[in-house]
Amino acid sequence: MLKRFFDSDLVYSFTRSPVTILAGLVTVLYFLASIFAGFVAPHNPFDMASLDIMDSFIPPVWEVDGDPRFLLGTDDLGRGILSTIIHGSRISLFIGFSSVIFSLVLGVGLGLVSGFLGGKLDAFIMRVAEIQLSFPAILIALLINGVLRGILPVGQQSNLAYYVLILSIGVSGWVQYARTVRGSTMVERNKEYVQSARVIGIHPLLIMWRHILPNVMGPILVIATIHLAVAVISEATLSFLGVGVPPTEPSLGTLIRIGNDFLFSGEWWITIFPGLALAILVLAVNLLGDWLRDVLNPKLR
Amino acid sequence: MSVPLLQINNLSIEFNTRRGNLVAVEDISFEVAEGEIFGIVGESGAGKSLTGKAIIGLLEAPGRISGGKILLNNERIDNLPYEQMRRLRGKSIGMVFQDPLTSLNPLYTIGRQLIETIQTHTNHTATQAKNRALELLREVGIPAAEKRIDQFPHQFSGGMRQRVVIALALCVNPKLIIADEPTTALDVSIQAQILTLLKNLCRKHGTAVILITHDMGVIAETANRVAVMYAGKIAEIGPVREVVQNPQHPYAQGLMASIPVIGRKMKYLAQIDGSMPRIAERPSGCAFHPRCPHAIELCNKQIPELLNKGKTKAACLLFRNGNP
Amino acid sequence: MAAFIIRRLFQSLIVMFFVAFVAFTMFRYVGDPVNQMVGIDTSLVQREALRERLGLNDPFIMQFGRFVLKALSGDFGISYQHKRPVTEMLLERFPATLELSLVSAIFSLLVGIPMGVYTGLHRYGWLSRFFMMFSLIGISLPTFLIGILLIFLFAVQLQWLPSFGRGTVIEIGGWRTGFLTISGLKALIMPAITLGLFQLTLIMRLVRAEMLEVLLTDYIKFARARGLSNKAIHFGHALKNTMVPVITITGLQIGSILAFAIITETVFQWPGMGLMFLQSIQNVDIPIMAAYLMMIAFFFVLINLVVDLLYYVVDPRLRVDAVKAHG
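Since the structure is predicted, the reported quantities are computational estimates derived from the model, not experimental observations.

Procedures and definitions
- Residues numbered from 1 in each chain as written.
- Chains lettered and ligands numbered in written order.
- Predicted model: local features only at pLDDT ≥ 70, side-chain atom pairs only at ≥ 80, totals over all residues.
- Helix = DSSP H or I, 4+ residues; strand = E, 2+ residues; numbered from the N terminus.
- Buried ≥ 20, exposed ≤ 12 C-beta atoms within 10 Å, placed from the backbone.
- Contact = placed C-beta atoms within 7 Å.
- Nonpolar A, V, L, I, M, F, W, Y, C, P; charged D, E, K, R; others polar.
- Pairing = 2+ DSSP bridges.
- pLDDT = per-residue confidence, 0-100.
- Axes fitted to C-alpha atoms, helices over the stretch in contact; angles between N-to-C directions.
- Left-handed = near helix turned anticlockwise from the far one by under 90°.

**Looking at the overall build of chain C**
- Helix and strand counts for chain C stand at 13 helices and two strands.
- Looking at chain C residue by residue over its 327 residues, the buried ones come to 42%.
- Taking the intrachain contacts of chain C between residues at least 6 apart in sequence as the baseline, contacts between residues at least 24 apart amount to 72%.

**Section: the interface of chain A and chain C**
- Taken together, the contact pairs 36 residues of chain A with 33 residues of chain C.
- Of all the elements in the fold, those that place two or more residues in the side of chain A that touches chain C are helix 7 (137-151), helix 11 (204-240), helix 12 (252-260) and helix 13 (269-296) of chain A.
- When residues in the side of chain A that touches chain C are grouped by element, the largest group, ten residues, is from helix 7 of chain A.
- For the side of chain A that touches chain C, the residue count by class is 25 nonpolar, ten polar and one charged.

**With respect to helix 9 (residues 218-225) of chain C**
- Among the residues making up helix 9 of chain C, those that are buried are Tyr219(C), Phe222(C), Ala223(C), Arg224(C) and Ala225(C).
- Elements that come into contact with the buried residues of helix 9 of chain C comprise helix 1 (48-56), strand 6 (93-96) and helix 3 (100-103) of chain B together with helix 10 (230-267) of chain C.

**Let's talk about the sheet that holds strand 4 (residues 63-72) of chain B**
Residues and elements named next belong to chain B.
- Taken in spatial order, the four strands make up an open sheet running 2-1-4-5, and their pairing is antiparallel. Each edge of the open sheet carries a strand with a single partner, namely strand 2 (20-32) and strand 5 (75-76).
- For strand 1 (residues 6-17) and strand 2, the ladder comprises nine bridges, and the chain directions are antiparallel. Considered in strand 2, the bridge of glutamine 7 is made with glutamate 31.

**Re the interface of chain B and chain C**
- Contact with chain B, which involves 23 residues of that partner, is made by 18 residues of chain C.
- If you list the elements that add at least two residues to the side of chain B that touches chain C, you get helix 2 (82-88), helix 3 and helix 4 (110-121) of chain B.
- For the side of chain B that touches chain C, a count of residues per class yields nine nonpolar, eight polar and six charged.

**Considering unusual backbone geometry**
- Although it is not a glycine, Glu181(B) sits at a positive phi angle of roughly 50 degrees.
- Its place among the elements puts Glu181(B) in the loop between strand 7 (176-180) and helix 8 (188-205).
- Its identity is not glycine, yet Gln159(C) carries a phi of approximately 55 degrees, on the positive side.
- Along the chain, Gln159(C) turns up in the loop between helix 7 (143-157) and strand 1 (170-172).

**Looking at the environment of Arg182(A)**
All names here are of chain A.
- Relative to the elements of secondary structure, arginine 182 occurs in helix 9 (residues 175-189).
- Looking at arginine 182, the number of C-beta atoms within 10 Å reads 26, which means it is buried.
- Sequence separation between arginine 182 and glycine 107 is 75 residues; the distance between their C-alpha atoms is 9.4 Å.

**Considerations on the confidence of the model for chain C**
- Across chain C, pLDDT averages 82, with 94% of residues at or above 70.
- Of the regions scoring below 50 in pLDDT, residues 321-327 of chain C engages in six contacts with residues more than four places distant in sequence or in other chains.

**Describing the packing of helix 5 (residues 81-117) of chain A against helix 11 of chain A**
Residues and elements named next belong to chain A.
- Running from N to C, helix 5 and helix 11 point in directions that differ by 145 degrees, and their axes come no closer than 8 Å. Where helix 5 crosses over helix 11, the two elements pack in a sense that is right-handed. In this structure, helix 5 contributes Ser92, Leu93, Ile95, Gly96, Phe97, Ser99, Val100, Ser103, Leu104, Leu112 and Phe116 to the contact, and helix 11 contributes Leu205, Met208, Ala224, His227, Leu228, Ala231, Val232, Glu235 and Ala236.
- Taken together, the residues that form the contact of helix 5 with helix 11 break down as 14 nonpolar, five polar and one charged.

Following this line, the structure appears as structure tokens:
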């Protein structure tokens, strides 16, 4: 099994593409830094007590007024940019990842039900999917976000910001998963083993899932990878637009929003470094997604 | 004796893949005379289509000609620069593809596709080209050509589309047409019509045809000479009548025995046991030996050459000393 | 053909109806419209009177019907925050968004299609690799970040272009245009590029993928076998066949340009509808959100209809089979 894995096209093409290896390494690096942010980051930017307003607006080390304690400089509150980036990536990745899982579960579930039951429910779900698909995900996410914030009591909004974001981004992305799974389910639905499953008393959906799973694993993995990049961008965009993560515990998008105010007064590092961090993360994930799609989808090769 | 229209000398075709070079066609030679219909028959994967594509210079990467020469009117064409080869295509060598449904561009009228081809190779004005196109459509038996010329491919039936494809291949009277499975995708009832059309047109214009097919019946009815290909090599080559009635190579014998004859009662249809090996799994020596009923010990060591045997040539070690 | 168009119109109506339903539900049940309209010192009795007067106690269907009827006559209510008719506010800001979207759509098509064709034809050339890398970066950079980087480079560092606003606008018959002044045009450059870049990379990748696929088809092989020139094959036969999917996606993209304008307008403080929509989300100003949603949906539906009609122009097969194929 393991030997077959290492002989597969997947591994072969991975080892043959330096760009993909690099993208893989960068992605792993981001994940590790996010998980162990508390150990990796030189400072704890959320600990208000440790912040010193005298440390604010220090440029990066290589500039004239740089301070060796803060490699990439500090922001208006004296938080080290490097530390806020590491903690910000953690939040961005957490929200991105949770949104992807949310979309995946929702989409796979709806796709399975839709493809299996067919009929009016299927028509309805697919109609909604079609309508949703004709609008950009970010618009859907913004709307859901706006509605949720309208429903929630004002005081709770920043506490629940993560969940609002995960829900808005998650709901805006289920369609592709659903379509893929639905297609596979419809192929399997009428096969004889499904009928025989009824006879021996196993729910057909259960046994079908076993047969559908191998067919949809590849495409779903591809969709999820590319979706992770999209979700991270969506989170950053919402936060940048001021309807996402609050500035007290900023994500990458929030950091860019904060820094944007100082761009004109010359403190460029507050916004440019988080921006680069975001771009590199998304680029690496996108590269991985592209590679996966090319390998798992021989038609496109 | 005059120079043959087309000479293939020791042609080999290779695929360079990550698992090494795969030799798909190995060291084949044959000639096609002017006006002749030359059949190439074999199972899928035998290399017959590749041979056709190599002649017209349309092998697709990673496939490439790795050895040998192709001569048209005694001039090499296998190493021509792209632009020169392009001018030959359609003008000196035409091609008819297997599937008429997909061979025509769905977004252009057939008239436009005809006129475009004619004007590429001649100095015809638009009106001249259109007249020529109409003439061609009538020649290939399309009724109401004036009306049909402005229609799109999807408005034609499969058989009609193949007639259009033939008209396109014959546009500027090439000396040679390569017909790759021209009737395989058609209904049986239409197949004969198309074959007859192709045969008559080529006789009329003196065009030679290389007819590539897996259907020995088609060859028997249409071709003058035939090459039987197996696993990238020519197993037997000779006049159709001889190869059909008196095949020498054990593979050709098996192939002919498996053609059902109307009127003769048979209990079972004869077949050759096993299947042709894939490119990467070809056995040593004679590629046919694992399936050959007459195989001897030498067969898995030595690659047989084409030898004269009766009125045909066969590549079999059984004939190496002029016997049996 | 007529049947097909009628069918599409009908489908569009369903979509609009659905969106209206969502918009109305939002409008009616997110927050209390009455609370938004009156001050804190309004008595319960007064509130109830207002509630009755606004018809908020009527059955759901009646309220929805009224909402649709009003929407059809262009009435989307009063903004909670600005206390002005929403339609009036939207119309005021419409020219700014439309001009921006139009310019960036043209930009992304004019640059994206040639780049896609080139990368499709010269798959392994170094320029193609560069374009592909460029497109990946274009997809990976969030729109707002592109805007910020452009501002940093051209407004802060080089000081060539203005960083916000529309520049000087000239009003012609109620339409405020930035096309007619130098400062208006200069102000348009960065927002248009920011907004168009993402679409550009999408269009380029799509054209490339379609081109690669079409080049493998039998009719292209047959065209080669007939000795047609590369020019005729690539730009005649191949490109025309890639156009059907490209038109589809482009249509959708123009729609999403309108939506992405929200982000671009925020970055550049561009006084358009998107900026207003964003502010309405921040302030939970539901009437504006609902109206904007309806308007965007209307544009999407309209664009989809135009796209369907364009198919007929490009693909002769549809002219005959369309009704059958969709039936």
